[in-house]
Amino acid sequence: MTTSNGWNHEDGPEPTEEEILAAQTLASSLDHPQKNTLTDTTEMALRVRAIHHPSSEQDREIARRAVAIVMAHPSNKRWWHNAPYLRITAAAAVVAMIAGALAGSRILRDNKSHITTSPLIWNAAVEPGAASAPATRMYDHGLRDYRATLLGDAR
Amino acid sequence: MTAQALDTWPVFELPLPTGVLTGLWSALRAEMDSPETAMTEERELVEAAQRGDRRALERVLERVSKPLYSSVILPRIGNAVDAEDILRDTLVRGMERLDTYRWTGSGVFPWFRQIAVNLVIDHVRRKQRRTRLEDRYEEHLSSVAPLHHAGADENVIEAQESQGNRQELDAAMGTLNERYRRAITMRLVEELSREECAAALGVTTGNFDVILHRALAALRKAYGTP
């Protein structure tokens with residue numbers, strides 16, 4: 001049984017205006033699919049097409065383009081790509097530290113402002129009955145240095 | 001060298017070369033084309049890529065990108081623009097996580113395939129179209145089984161993926177009523193014009209559009225039913 005617009009009721013209830021509009025949108029977007037106008041039914045139709053009619057050359061071109069874009073992606077520059085530079089930098093830093101430590105120790109040794117050799121007094125054996133002698137000798141040692149500094153070895 | 005001298009050139013007088021060389025070439029090609037060789041080659045390529053060899057990485061991506069797009073992503077999305085975006089995201093994610101990949105006998109494609117299916121699910125969620133269709137994708141994810149050996153040719157992978165896709169689609173189509181099935185088959189599989197389809201169904205072109213719209217809505221529901 002058909003209605004005046006030719007609708008066959010065996011195909012279900014007569015379509016509403018809204019449904020007719022959606023069907024027209026589907027028909028036109030199947031011919032010219034555009035991302036913004038794709039409805040769920042259009043996408044379903046495109047899936048059926050993709051399964052039955054894979055567009056080999058077009059798909060290959062898309063795949064090739066994707067690989068080219070991805071290879072230029074910043075995340076492609078993984079850490080190990082920079083590893084040679086990192087290694088060189090690290091080795092240079094270690095060499096610089098060792099050289100710095102050596103140079104520093106030499107400068108410190110040359111510029112020392114104190115006597116590093118222990119006066120003999122500290123190593124002298126303590127003799128019986130001479131308890132005050134080490135202190136006196138220490139005083140004499142200091143006095144001798146003082147005189148040598150001020151008077152120039154005029155002892 | 002005269003023409004006569006050329007005629008007597010020793011090489012041309014040897015009876016062996018053509019047959020021997022052909023035999024050697026055939027043996028070499030057979031060796032090169034054997035699954036073991038292809039598998040070894042793919043494994044070496046992947047391991048080189050994991051060590052940071054850019055050329056190897058590019059070749060790995062070239063191997064998987066076409067089958068991913070045409071057999072995995074596009075049949076599940078339909079929309080070519082979104083499918084291309086998802087392909088790129090799949091390749092980037094795969095590239096970033098390649099060092100976590102552990103070699104299996106089925107090669108690297110199933111690993112990329114899982115990433116792609118995950119991204120398809122994410123895409124559907126982002127569009128806030130949670131339907132049973134999505135559950136279907138999640139089933140795919142859990143049931144990803146390697147159909148082919150490592151180093152398989154791109155055409156072999158695509159053929160096997162396409163076969164699976166068609167079987168699922170055919171199963172869904174089988175649940176539709178006859179007129180809906182005919183509408184979809186004529187318009188989308190046989191690619192007849194709207195007018196031809198309408199004439200075949202004995203309706204106006206406008207009414208055919210409505211039938212096709214209803215048929216696709218029904219198919220979309222059926223395709224999401226396990």
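Residues numbered from 1 in each chain as written. Chains lettered and ligands numbered in written order. Predicted model: local features only at pLDDT ≥ 70, side-chain atom pairs only at ≥ 80, totals over all residues. Heavy atoms only, no water.

A word on the overall build of chain A. Scanning chain A from N- to C-terminus turns up six helices and zero strands. When the helices and strands of chain A are listed from N to C terminus, the series reads α-α-α-α-α-α. By the burial criterion, 23% of the 155 residues in chain A qualify as buried. Of the contacts made within chain A by residues no fewer than 6 positions apart, 3% connect residues no fewer than 24 positions apart. Accessible surface computed for chain A: about 11,100 Å², of which carbon and sulfur atoms make up 61%. (Helix = DSSP H or I, 4+ residues; strand = E, 2+ residues; numbered from the N terminus. Buried < 20%, exposed > 50% of the residue type's maximum accessible area, 1.4 Å probe, protein only. Contact = heavy atoms within 4.5 Å. Areas by Shrake-Rupley, 256 points an atom, 1.4 Å probe, with all protein chains shown as cover.)

What follows concerns the overall build of chain B. The number of helices and strands found in chain B is 12 helices and zero strands. Tracing chain B from N to C terminus, the helices and strands come up as α-α-α-α-α-α-α-α-α-α-α-α. Evaluated residue by residue, chain B yields a buried proportion of 44% over its 226 residues. Summarising the internal contacts of chain B: among those between residues at least 6 apart in sequence, 62% fall at separations of at least 24.

Further remarks concern the packing of aromatic side chains. Residues and elements named next belong to chain B. One pass over the full model with this rule turns up three aromatic pairs over all chains. Here W111 and F112 contribute two aromatic rings whose centre-to-centre distance is 5.3 Å and whose plane-to-plane angle is 90 degrees, an arrangement assigned as edge-to-face. One aromatic cluster is present, built from ring pairs that chain together Y101, W103, W111 and F112. (Phe/Tyr/Trp six-rings, centres within 6.5 Å; stacked < 30°, edge-to-face > 60°.)

In this section: the interface of chain B and chain A. One widely used convention gives an interface's size as the accessible area the parts lose upon coming together. Residue-level contacts link 62 residues of chain B with 48 residues of chain A. With both sides pooled, the region where chain B packs onto chain A buries about 5,200 Å², and carbon together with sulfur makes up 60% of that total. Taken as a group, B:L188, B:H213 and B:R214 account for 12% of the area that chain B buries against chain A, more than any other trio of residues on that side. Seen at the junction of chain B and chain A, the total is four salt bridges. With a closest N to O distance of 2.6 Å, A:E19 and B:R214 form a salt bridge. The element that contributes the greatest number of residues to the side of chain B that touches chain A is helix α5 (residues 54-77) of chain B, accounting for 13 residues. (Buried area = accessible area lost by both parts, 1.4 Å probe. Salt bridge = Lys/Arg side-chain N within 4 Å of Asp/Glu carboxyl O.)

A separate point is the confidence of the model for chain B. In this model, chain B carries a mean pLDDT of 79, and residues with pLDDT of at least 70 account for 72%. Note on residues 1-14 of chain B: pLDDT under 50 across the span, and five contacts to partners over four residues away in sequence or across chains. (pLDDT = per-residue confidence, 0-100.)

In this section: the packing of helix α2 (residues 40-52) of chain A against helix α9 (residues 154-173) of chain B. In the contact formed by α2(A) and α9(B), the axes pass within 9 Å of each other and the chain directions differ by 135 degrees. As judged from the angle between their axes, α2(A) and α9(B) are oblique. Regarding α2(A) and α9(B), the two cross each other, and that crossing is left-handed. Residues A:M44, A:V48, A:I51 and A:H52 of α2(A) touch α9(B), and the partners they reach there are B:N165, B:R166, B:L169 and B:D170. Taken together, the residues of the contact of α2(A) with α9(B) break down into four nonpolar, two polar and two charged. (Axes fitted to C-alpha atoms, helices over the stretch in contact; angles between N-to-C directions. Parallel < 35°, antiparallel > 145°, perpendicular 65-115°, else oblique. Left-handed = near helix turned anticlockwise from the far one by under 90°. Nonpolar A, V, L, I, M, F, W, Y, C, P; charged D, E, K, R; others polar.)

Once that is clear, we can look at the packing of helix α3 (residues 56-71) of chain A against α5(B). At a minimum axis separation of 9 Å, α3(A) and α5(B) run at an interaxial angle of 135 degrees. The pairing of α3(A) with α5(B) is recorded here as oblique in orientation. Of the two elements, α3(A) crosses α5(B), and the hand of that crossing is right-handed. Seen from α3(A), the contacting residues are A:S56, A:D59, A:R60, A:I62, A:A63, A:V67, A:V70 and A:M71; seen from α5(B), they are B:R54, B:L57, B:E58, B:L61, B:E62, B:S65, B:K66, B:Y69, B:S70 and B:L74. Across the contact of α3(A) with α5(B), the residue classes break down as nine nonpolar, three polar and six charged.

As a further point, take the environment of B:K127. If you trace the backbone, B:K127 turns up in the loop between α7 (109-126) and α8 (132-142). With residues up to four places along the chain from it excluded, the contact list for B:K127 reads A:E43 and B:D82.

Let us look at the pattern of salt bridges. Residue and element names in this part refer to chain B. Across all of its chains, the model carries 14 salt bridges over all chains by this definition. Residue R88 is joined to E84 by a salt bridge in which the shortest nitrogen-to-oxygen separation is 3.6 Å. Of this pair, R88 and E84 are both found in helix α6 (residues 80-96), four residues apart, which corresponds to roughly one turn of the helix. Two residues, R181 and E178, come together in a salt bridge whose shortest N-O distance is 2.7 Å.

A few words on the environment of B:R76. Residue and element names in this part refer to chain B. Mapped onto the elements, R76 comes out in helix α5. Between the C-alpha atoms of R76 and I121, which are 45 residues apart in sequence, the distance is 9.6 Å. One polar contact links the side chain of R76 to the main-chain carbonyl oxygen of V72, over a distance of 2.8 Å. (Polar contact = N/O pair within 3.5 Å; in protein donor to acceptor, adjacent residues only side chain to side chain.)

Over its 20 residues, α9(B) runs 28 Å from end to end, which matches the ideal 28 Å to within 8%, given 1.5 Å per residue. Restricting attention to buried positions, one finds in α9(B) the residues B:E154, B:I157, B:E158, B:E161, B:N165, B:L169, B:A172 and B:M173. Summarising the axial view, the buried residues of α9(B) lie within an arc of 130 degrees, below the 170-degree limit, and thus occupy one face. On its buried side, α9(B) packs onto α2 and α3 of chain A together with α5, α7, α10 (178-189) and α12 (205-223) of chain B. (Expected span 1.5 Å × (residues − 1). Arc of directions from axis to C-beta.)

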